[in-house]
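Coordinate analysis (summary)
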Amino acid sequence: MIDLMTTFGGGKTHSLLAVYHAASGVSADKLPGMREVLDNLGISDLPAKVNRAVLVGNDLSVLGSTKPDGTVVNTMWGELAWQLGGSEGFAMLARYDAKSAPPPTTDLEALFKKFGPCVILVDEWVAYLRQLWSRDDVAPAGTFDTHMTFVQSLTEATKAVANALLVVSLPASELVRDMHMADAPIENQHEIGGTAGLEALRHLRSVIHRLETAWQPASVEESFEIVRRRIFKPFGSMETANRDLVVGKFLNHYQKHAADLPNEVMQPGYRSAMKAAYPIHPELFDRLYQDWSTLERFQRTRGVLRLMATVVHALWTSGDKSPMILPASVPMDNQKVFEEITNHLDDTWKPIVDADIAGDGSAASTIDNEIKILGRSMATKRAARCVFLGTAPMANRRERDGSQAPVRGIEQKRVVLGCTYPGDNPSHVADALRRLGDQGKYMNRDQDRYWLSLQQTVSQIVQERADAYHEDQVFDELAAVVRRETDKGLFQRVHRFPASSIDVQDDPGIGLVIFGPDRAFSKKAKSKAEDAALEFLNKRGTNARIYKNSLVFLAPEVDRVDVMLTAVRNRMAWEYILDNKDSLNLDQHNIKLATQRVKQAEQTVADSIREAYRWILVPHQEPGKANVDLEAILMNGEGTLVERVTKKARGEEFIVERFSAALLRMQINRLDLWREKRHVPVDTMAGYFSQYVYMPKVVDPKVIIDCVWQLDEVLHIDLDGFAYADAHEGDRYVGLTLKKPAEVRPGGLIVDPTIAKAQIEADTAASATTGSTSDEAQPGEPTGATNRENPSKVGLAGKPTVTGGGGATQVTKPLTRFQATKELTSARVVRDVSQIYEEIISHFVGAGVDVKVTLDVESNQLHKLTNDQRTAIRENLKSLGFGDDDWSME
């Protein structure tokens with residue numbers, strides 16, 4: 001009988017060993033698993049005595065050898081005869097061995113019958129024959145052609161003898177092809193050995209194939225069992241119970257997180273696979289058998305066995321308590337494990353593993369150290385090991401073969417399968433993978449697939465570029481992003497990232513100041529945002545700010561600033577990569593990747609800005625108190641920054657868009673504004689709301705002016721309202737009314753309704769005394785209004801008053817000139833001038849009347865100034881337009 005094993009790598013060796021031990025004469029009960037095999041075949045026991053010949057090509061010399069009994073053996077057939085029958089068996093083929101001639105089939109049959117039952121095991125036959133290919137001299141072993149004749153005789157003889165078994169192992173290869181395909185890539189070349197080995201393999205296959213009974217390689221599940229039995233002791237009842245418990249826990253975990261895992265774990269057969277492989281996880285076997293066994297240097301079963309033995313030893317000595325050995329369990333930081341793995345790869349992999357996978361300075365370690373929730377379970381390190389085991393062979397082959405086939409990598413679900421234990425959160429692995437894809441030097445990412453490459457990734461170039469940006473560049477870019485929002489919401493003006501207080505206008509309309517990241521807010525301690533807000537509130541540049549109550553501030557949270565700036569850096573770097581794709585020689589995959597990352601980075605920047613800008617700082621002050629406090633209001637929601645502040649302002653009502661007459665009366669009473677004068681100018685009252693922080697904030701002074709138009713809505717004028725008058729002349733109010741006026745003048749007055757009622761009642765009584773009827777002012781109507789039917793009765797409203805009595809007519813001269821002088825306190829010039837303008841000059845300006853304002857500055861202590869100060873005054877006078885005749889120094 002002839003059996004041919006065309007297996008790849010170490011599987012053939014284990015099969016030959018199994019046959020060798022089965023023919024050793026040992027009882028079947030002493031060989032694990034053998035009794036089960038014999039029972040299935042209906043055989044009671046193994047033969048008590050079997051002669052065995054083991055021919056290993058790379059252990060046999062073509063120059064011959066001398067045996068311990070002095071026998072000189074030249075050929076493989078001489079070696080075969082000597083191993084089966086010693087000197088007696090060798091004598092049967094001695095003449096053929098001496099002449100290096102192949103024995104005929106009949107002589108081989110006689111040898112097998114005399115020393116049967118017998119088993120002949122041949123391994124590495126190709127390695128022996130390729131030494132004879134194209135050899136000029138005649139070696140003692142014979143020529144290549146004579147050896148091919150021996151192969152044919154051997155197979156025929158074995159077939160003819162019932163109790164003889166020939167087992168041959170040959171490399172499994174696609175190399176057995178037509179000669180015109182000789183230029184095609186050679187697989188398993190290290191085992192076959194070039195052209196000579198190829199020819200030897202072809203000839204052997206062509207001869208043996210006629211009579212062979214091929215043995216197929218062990219299935220993956222059988223390989224699980226082989227490796228497990230070689231490394232671990234047989235399971236007893238306790239170990240079996242523990243295995244079933246662990247497998248059950250894993251499957252429950254997989255069912256709970258089914259959406260995050262490959263579909264195969266939900267199949268009924270996966271439980272059996274886990275039990276067969278236990279304590280090694282099937283996923284680790286899959287990666288080794290499916291991915292690593294494709295490497296030229298990695299032998300299928302032998303390589304897996306060597307690697308797993310090294311891994312198990314490293315885990316055992318380190319005291320690892322994991323319930324199963326996952327791909328993530330492979331300790332890449334162990335020197336022996338690392339050498340065993342990288343022995344099958346090119347030398348360039350060591351810096352890659354050090355940079356991204358293992359080591360204190362690797363990207364995986366850095367991420368785990370920075371992100372505590374990932375570091376607790378070493379999620380990034382585990383994920384990195386899975387990606388390495390799942391993609392390193394593919395990357396190695398691509399580099400060596402120059403293949404340009406698309407790289408699919410390992411999908412996230414399979415990494416989760418290879419990483420997580422029961423109780424783990426798969427989302428942590430997903431987060432770790434995403435970060436590793438962004439920060440790894442050699443880690444590539446395309447949607448949910450990851451792989452390693454032998455060249456630095458675009459992501460690493462991005463990282464280096466992002467780190468190189470100066471802080472000012474990042475600030476400017478962030479400012480540009482924020483300034484792209486041009487909406488104002490309920491604000492009259494929005495100041496985005498002002499450099500200093502001078503960039504914020506001093507206007508009465510409400511304004512929003514958005515601070516940059518250098519003025520962040522902290523709820524825990526005094527922050528730069530609060531210092532800046534108070535500075536902006538009190539000054540504009542070097543001048544005192546007048547409209548202090550017209551500013552609200554928005555600041556980022558100090559703990560979120562770094563995340564926001566990092567997002568901006570990354571977006572700038574990805575945009576650079578995309579803009580320079582030609583000079584960087586990017587392929588289509590990386591161009592597509594950069595395009596996607598730019599979009600993702602833009603969204604990340606928008607999200608980080610929204611998350612960072614959360615605090616609205618609203619100034620407020622208690623009446624009579626000197627200090628201004630800042631109320632920090634937390635802001636959330638979607639939309640632009642101004643939209644979110646506007647929504648919060650309306651909800652919290654810290655900015656008023658509409659003010660009722662009743663609320664205005666409350667403020668008048670609160671400030672006791674009618675204590676000395678029984679009126680207050682409308683525009684002055686509106687100015688109070690913009691100037692004094694203890695007043696409510698209104699979007700615009702017009703909100704207060706509009707309160708006058710709401711007089712008709714007041715139910716109790718004495719308690720909740722006020723009167724309106726155009727002016728106050730002498731002891732009378734001109735244009736006085738308790739109802740909605742026909743016109744509100746810029747210099748109009750808000751009058752105490754008690755005083756207004758008294759004047760209206762007096763006017764009514766006076767009209768009744770003179771007999772006036774329909775032409776006289778009615779209660780509640782504006783007094784001093786022109787009577788179109790009787791022009792002789794005109795009130796004092798800036799027009800000539802015509803009176804008549806006794807036939808004489810007298811015309812009162814109209815008022816034409818105004819002049820006022822006031823000495824100002826030098827320390828409060830800005831405030832006093834502002835008040836003079838608001839309460840006096842503004843009436844002229846509002847009426848379109850020309851007014852001349854002159855400022856006199858005089859001092860008789862000029863000698864107390866230094867020469868530099870006097871020089872500065874001279875220069876400033878010239879720059880301010882003072883002529884030579886307008887000033888003097890004596």
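These lines cover the structure that appears in this document, whether it is placed above or below. In this text the structure is predicted, and so the values were computed from the model without any measurement.

Here the focus is the packing of helix α20 (residues 412–419) against helix α21 (residues 426–439). Contact pair α20 / α21: the axes reach a minimum separation of 10 Å and the direction vectors enclose 120°. Taken together, the axis directions place α20 and α21 in an arrangement best described as oblique. The two elements α20 and α21 cross, and the hand of that crossing is right-handed. From α20, Gln-412, Val-415, Val-416 and Cys-419 reach across to α21, where they touch Pro-426, Val-429, Ala-430 and Leu-433. When grouped by side-chain class, the residues that make up the contact of α20 with α21 number seven nonpolar, one polar and no charged.

What follows is about a negative patch on the surface. Taken together, the side chains of Glu-471, Asp-472, Asp-476 and Asp-518 make up a negatively charged region of the molecular surface. The topology assignment puts Asp-472 in helix α23 (residues 471–483). Assessed through its relative accessible area of 43%, Asp-472 is described here as partly exposed.

Another aspect to go through is the nonpolar core. Of all hydrophobic cores here, the largest spans 83 residues; its most connected members are Phe-491, Leu-664 and Met-685. It is helix α25 (residues 561–579) that provides the largest number of residues to this core, a total of nine residues. The residues contacting Leu-664, other than those within four sequence positions of it, are Phe-659, Met-685, Phe-689, Ile-704, Cys-707, Phe-722 and Ile-750. In this structure, Leu-315, Val-337, Leu-345 and Ala-363 belong to the second largest nonpolar core, which totals 73 residues.

Turning to the pattern of salt bridges, a few remarks are in order. When charged atoms on two side chains of opposite charge get close, those side chains can pair. Summed over the entire model, instances satisfying the criterion amount to 30 salt bridges. Among the ionic pairs, Arg-571 bridges to Glu-575, the shortest N-O distance being 3.4 Å. On the criterion of helical spacing, the pair formed by Arg-571 and Glu-575 is a turn pair, its members being four residues apart in helix α25. For Glu-575, a relative accessible area of 25% translates into the label partly exposed. Here the salt bridges share partners, and the residues they tie into one network are Glu-264, Glu-283, Arg-287, Asp-291 and Arg-414.

As a further point, take helix α3 (residues 76–92). The first and last C-alpha atoms of α3 sit only 14 Å apart over 17 residues, clearly below the 24 Å expected at 1.5 Å per residue. Largest kink in α3: about 140°, centred on Gly-86. Those residues of α3 that sit buried are Met-76, Trp-77, Gly-78, Glu-79, Leu-80, Ala-81, Trp-82, Leu-84, Gly-85, Gly-89 and Phe-90.

On inspection of all chains with the given rule, the structure shows zero disulfides. Looking at Cys-419, it has no disulfide partner, and the nearest cysteine sulfur is the one in Cys-386, 3.4 Å off.

With that out of the way, let us pick up the sheet that holds strand β8 (residues 410–411). Taken in spatial order, the three strands of this open sheet run β8-β10-β9, and their pairing is antiparallel. Unpaired on one side and paired on the other, β8 and β9 (443–446) mark the two borders of the sheet. Taken strand by strand, α21 contacts β9 and β10 (449–452), and its axis lies near 115° from that of β9.

What follows deals with the environment of Thr-149. Tracing the sequence through the fold places Thr-149 in helix α7 (residues 144–160). For Thr-149, a relative accessible area of 39% gives the class partly exposed. Sequence separation between Thr-149 and Ala-101 is 48 residues; the distance between their C-alpha atoms is 9.2 Å.

Now for unusual backbone geometry. Following Gly-116, the chain continues to Pro-117 via a peptide bond in cis, the omega torsion being -5°. Examined against the element boundaries, Pro-117 turns out to sit in the loop between α5 (105–114) and β5 (118–123). Phi angles above zero are rare outside glycine, and Ser-100 is one such case at about 60°. Within the secondary structure layout, Ser-100 lies in the loop between α4 (94–99) and α5. Under the relative-accessibility criterion, Ser-100 is labelled buried at 13%. A positive phi angle, close to 55°, is found at Asp-672, a residue other than glycine. Relative to the helices and strands, Asp-672 resides in the loop between α28 (661–671) and β18 (679–681). Taking relative accessible area as the criterion, Asp-672 reaches 38% and is therefore assigned partly exposed.

Analysis parameters
- Residues numbered from 1 in each chain as written.
- Predicted model: local features only at pLDDT ≥ 70, side-chain atom pairs only at ≥ 80, totals over all residues.
- Heavy atoms only, no water.
- Axes fitted to C-alpha atoms, helices over the stretch in contact; angles between N-to-C directions.
- Helix = DSSP H or I, 4+ residues; strand = E, 2+ residues; numbered from the N terminus.
- Parallel < 35°, antiparallel > 145°, perpendicular 65-115°, else oblique.
- Left-handed = near helix turned anticlockwise from the far one by under 90°.
- Contact = heavy atoms within 4.5 Å.
- Nonpolar A, V, L, I, M, F, W, Y, C, P; charged D, E, K, R; others polar.
- Patch = residues over 30% accessible without salt bridge, like charges linked within 9 Å, V, L, I, M, F, W, Y side chains within 5 Å.
- Areas by Shrake-Rupley, 256 points an atom, 1.4 Å probe, with all protein chains shown as cover.
- Salt bridge = Lys/Arg side-chain N within 4 Å of Asp/Glu carboxyl O.
- Lys, Arg positive; Asp, Glu negative; His and termini not counted.
- Charge placed at Lys NZ, Arg CZ, Asp CG, Glu CD.
- Buried < 20%, exposed > 50% of the residue type's maximum accessible area, 1.4 Å probe, protein only.
- Core = buried A, V, L, I, M, F, W, Y, C linked by side-chain atoms within 4.5 Å.
- Expected span 1.5 Å × (residues − 1).
- Bend = angle between axes of the 7 residues up to and from the residue.
- Disulfide = S-S within 2.5 Å.
- Pairing = 2+ DSSP bridges.

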